[in-house]
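Residue strings, one per chain:
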Amino acid sequence: MARLAARHPSARIVTRDLAADPPPYVDEARAIAMLMPAEQRGAHEEAALACSETLIGELEASDLLVISTPMHNYSVPAPLKAWIDHVVRIRRTFRSTPEGKVGMLHDRPTLVVTAAGGFHSTEPARQPDYLTPYLRAILATIGIHDVAFHNLEGMGRGPEAVARALEGARAWLDEQLPPGF
Ligand SMILES: Cc1cc2nc3c(=O)[nH]c(=O)nc-3n(C[C@H](O)[C@H](O)[C@H](O)COP(=O)(O)O)c2cc1C
């Protein structure tokens, strides 16, 4: 984010710290409201969708999306999954068609930085990766296809491994930030 701000001082940066302020889980009331056609919703359902609307509004307004996430138990951490359950919404951010789901959001450059204690994509990879394929699939569902990943691996292997991984990440970010950013 510091690199973005330096390259593009007029950019408006909206930060969602999902770890500090996790979205609520999709409970029964939210699930019912999400699946109900818009014209049948009342005040109760609209209130249940308030958080979802806020998070989707932020996505609709963004020209560039940056996701920074740890791997938890081979997959997305719970707060990021809660965010996904609010922003991936039928008839709002994707449509269901006979050919499959079609995203309704505009595409935009998206950078995903993941951190894992061990290794899952480079040697010695000894664990499955349900994090990066899942994020790619779920972002594509809502129309976000222009996604680049950088995986920080071996973060539990001591300060030298961490320093090496961070150096690689900084170089990658400098390469990836699109022109104009
Ligand atoms: C609940 C939990 C589950 C984790 N699961 C994995 C895992 O499946 N694979 C892995 O390599 N590291 C796992 N880790 C280690 C984290 O991915 C690693 O510490 C990472 O650096 C965390 O990123 P952060 O420092 O940005 O929070 C887990 C850590 C926690 C707390």
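Draft legend 1. Broad picture of the pattern of salt bridges. Following the criterion strictly, the structure yields nine salt bridges and no others. We note a salt bridge from E46 to R41, for which the minimum N-O separation is 3.7 Å. Between R92 and E60 there is a salt bridge, and its shortest N-O distance comes to 2.9 Å. Of this pair, R92 sits in the loop between α5 (78-87) and β2 (94-97) while E60 sits in helix α4 (residues 50-60), placing them 32 residues apart in sequence. Within the structure, one salt-bridge network assembled from shared partners comprises E53, E60, R89 and R92.

Draft legend 2. Structural context of the site of the ligand. Lining the immediate environment of the ligand, one finds P70, M71, H72, N73, Y74, A115, A116, G117, G118, Q127 and M155. Interatomic distance of 2.7 Å between a backbone N/O atom of N73 and a nitrogen atom of the ligand. The protein chains hide 53% of the 640 Å² of surface that the ligand would expose on its own. Among the residues making up the shell around the ligand, the classes are represented as six nonpolar, five polar and no charged.

Draft legend 3. Representation of α5. Of all the positions in α5, only L80, A82, W83, I84, H86 and V87 are classed as buried. The secondary structure elements touched by the buried residues of α5 are α2 (28-35), α4, β1 (65-70) and α6 (132-141).

Draft legend 4. The side chain of H150, seen in detail. The residue H150 is located in strand β5 (residues 147-152) in this model. With sequence-adjacent residues up to four places away left out, H150 is seen in contact with V112, V113, T114, A165, G168, A169 and W172.

Draft legend 5. Here's a closer look at the pairing of β1. Where burial is concerned, the two faces of β1 differ: the one with L65, I67 and T69 is buried and the one with V66, S68 and P70 is not. In this structure, β1 lies alongside strand β4 (residues 110-115), joined through six bridges in parallel fashion. Following the sheet pairing, L65 is matched in β4 by T110.

Draft legend 6. The layout of surface pockets, seen in detail. Considered as a void within the structure, the largest pocket measures approximately 1200 Å³ in volume. Residue assignment for the lining of the largest pocket shows that the elements contributing at least two residues are α1 (2-7), α4, β1, α5 and β4. Counting residues per element, the lining of the largest pocket draws most heavily on β1, at six residues. Of the residues belonging to the lining of the largest pocket, the class tally is 27 nonpolar, six polar and six charged.

Thresholds applied
- Residues numbered from 1 in each chain as written.
- Predicted model: local features only at pLDDT ≥ 70, side-chain atom pairs only at ≥ 80, totals over all residues.
- Heavy atoms only, no water.
- Salt bridge = Lys/Arg side-chain N within 4 Å of Asp/Glu carboxyl O.
- Helix = DSSP H or I, 4+ residues; strand = E, 2+ residues; numbered from the N terminus.
- Near = heavy atom within 4 Å.
- Polar contact = N/O pair within 3.5 Å; in protein donor to acceptor, adjacent residues only side chain to side chain.
- Areas by Shrake-Rupley, 256 points an atom, 1.4 Å probe, with all protein chains shown as cover.
- Nonpolar A, V, L, I, M, F, W, Y, C, P; charged D, E, K, R; others polar.
- Buried < 20%, exposed > 50% of the residue type's maximum accessible area, 1.4 Å probe, protein only.
- Contact = heavy atoms within 4.5 Å.
- Pairing = 2+ DSSP bridges.
- 1 Å grid on protein atoms, 1.4 Å probe; cavity = no way out; pocket = protein on both sides within 12 Å on 5 of 7 lines; lining within 4 Å.
- Points joined across faces, edges and corners; volume = space filled by probe spheres on them.

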